[in-house]
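Single-letter residue listing:
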Amino acid sequence: MAETVTGKVQVFDSEEELAASLAKYTADLSEKFCKERDAFTVVVSGGSLIKSLRKLVEPPYIDSIDWSKWHVFWVDERVVPKDHPDSNYLLAYDAFLSKIPIPAGHVYAINDALSAEGAADDYETCLKHLVKSNVVDISKESGFPRFDVMLLGMGPDGHVASLFPGHPLVHEKEKWVTFIKDSPKPPLDRITFTFPVINSSANIALVVAGAGKADVVHQSLGDSKSSDLLPVQMVSPEGELVWFLDKAAASKL
C-alpha cells in the first residue's frame, strides 16, 4: 500500500477485487467500533460507491456483521421523493439496505417533504440529537460530529458529496449540513455535509473506479502542478484516509 500526503493508496487489478477489499475494510471497522462504542456510524454517498459495497451483502459478511448496531447516513442527497430515480436513498435501499437486517430506525434519510433549506436544517437537527444521545461521536478537536467511517465516491470533475469545484459551499465552516440550489449536475436542489464534518471523520474511504476518473486521480495524487484545489483534494480527515482505486482509475499515476 502506497502512502502519500493525502493518505494511503490501494490499487486493485479490477473493480471486483476493489469491492472485495472494501467489504473487508468496512467489516473490520464495524467489528472495532461495535466493540468500542456499541454502535457503528456509516456515511455513504451515491453513484457507483453503492455498487462497490455489494460484497457486504454476501457471505461471510452478511452473517458475521452485527447489523443491529449500524447507523447509516448520507453525505449528500438530492431533494427528490425517496422513490425518485435520482434519490441516493433509493439507490442504497435497492442495492444494499434492503438486503441487510438493519433496524429501520437506524437509517437516516432526509425529510423529502421539505425544501432544500428545510431538509438541510432538519438533517442537522437530527445529527445534533444523535450526538446528544451518544449514537454519533463528537470530535474533540473540531466540535463537529465524528462519524466512524465515510464511504465516499468522487465525480469525474473531482467533486465529493455535493461540494463542487469553484462553488462557495466548499468554504462553509460553520454549518454541519447545508443546501445547494444551483448544483452544476442535475438535480439542482441538494443537501450536503460540509467539509468540517467530512474532515472530522475517524475513517474515510475514497472509492474511485474507471478510466474516466484517471485525470482527476492524477491531479489529486500524482505530480500535477495545478494550483486550484479540487474538492476531493480538500478531504483530509482527523483519522485515516484510504484511497481504493482500480487499475483504470490509477492508470495515469
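Refer to the structure printed above.
Residues numbered from 1 in each chain as written. Predicted model: local features only at pLDDT ≥ 70, side-chain atom pairs only at ≥ 80, totals over all residues. Heavy atoms only, no water.

**Student:** Explain the packing of aromatic side chains to me, and be specific about the residues and the numbers.
**Tutor:** The geometry of two aromatic rings is summed up by the distance between their centres and the angle between their planes. Summed over all chains, the structure comprises 13 aromatic pairs. Aromatic pair phenylalanine 40 and tryptophan 70: ring centres 5.2 Å apart, planes at 80°, arrangement edge-to-face. Here phenylalanine 40 is found in strand β3 (residues 40-44), whereas its partner tryptophan 70 is found in strand β4 (residues 70-74), with 30 residues between them in sequence. Taking 6.1 Å as the distance between ring centres and 40° as the angle between the ring planes, the aromatic pair formed by tyrosine 123 and phenylalanine 193 counts as tilted. Taken together, the residues tyrosine 123 in helix α5 (residues 116-132) and phenylalanine 193 in strand β10 (residues 190-193) connect sequence positions 70 residues apart. (Phe/Tyr/Trp six-rings, centres within 6.5 Å; stacked < 30°, edge-to-face > 60°. Helix = DSSP H or I, 4+ residues; strand = E, 2+ residues; numbered from the N terminus.)

**Student:** Any details on unusual backbone geometry? Residues and values, ideally.
**Tutor:** The step from proline 59 to proline 60 runs through a cis peptide bond, and the omega angle for that step is 5°. The omega angle of the peptide bond from proline 186 to proline 187 is -5°, so this bond is cis rather than trans. Mapping proline 187 onto the fold places it in the loop between β9 (177-180) and β10. For aspartate 38, which is not glycine, the phi dihedral falls at a positive 65°. Locating aspartate 38 in the fold gives a position in the loop between α1 (15-37) and β3. Its identity is not glycine, yet asparagine 134 carries a phi of approximately 65°, on the positive side. Judged by relative accessible area, asparagine 134 falls into the exposed class, the value being 60%. (Buried < 20%, exposed > 50% of the residue type's maximum accessible area, 1.4 Å probe, protein only.)

**Student:** I'd like a description of helix α7 (residues 214-221), backed by residues and values.
**Tutor:** Each α-helix turn comprises 3.6 residues. Residues three or four places apart therefore point the same way. Of all the residues in α7, the buried ones are Ala214, Val216, Val217, Ser220 and Leu221. The buried residues of α7 all sit within an arc of 160° when viewed along its axis, so they share a single face. (Arc of directions from axis to C-beta.)

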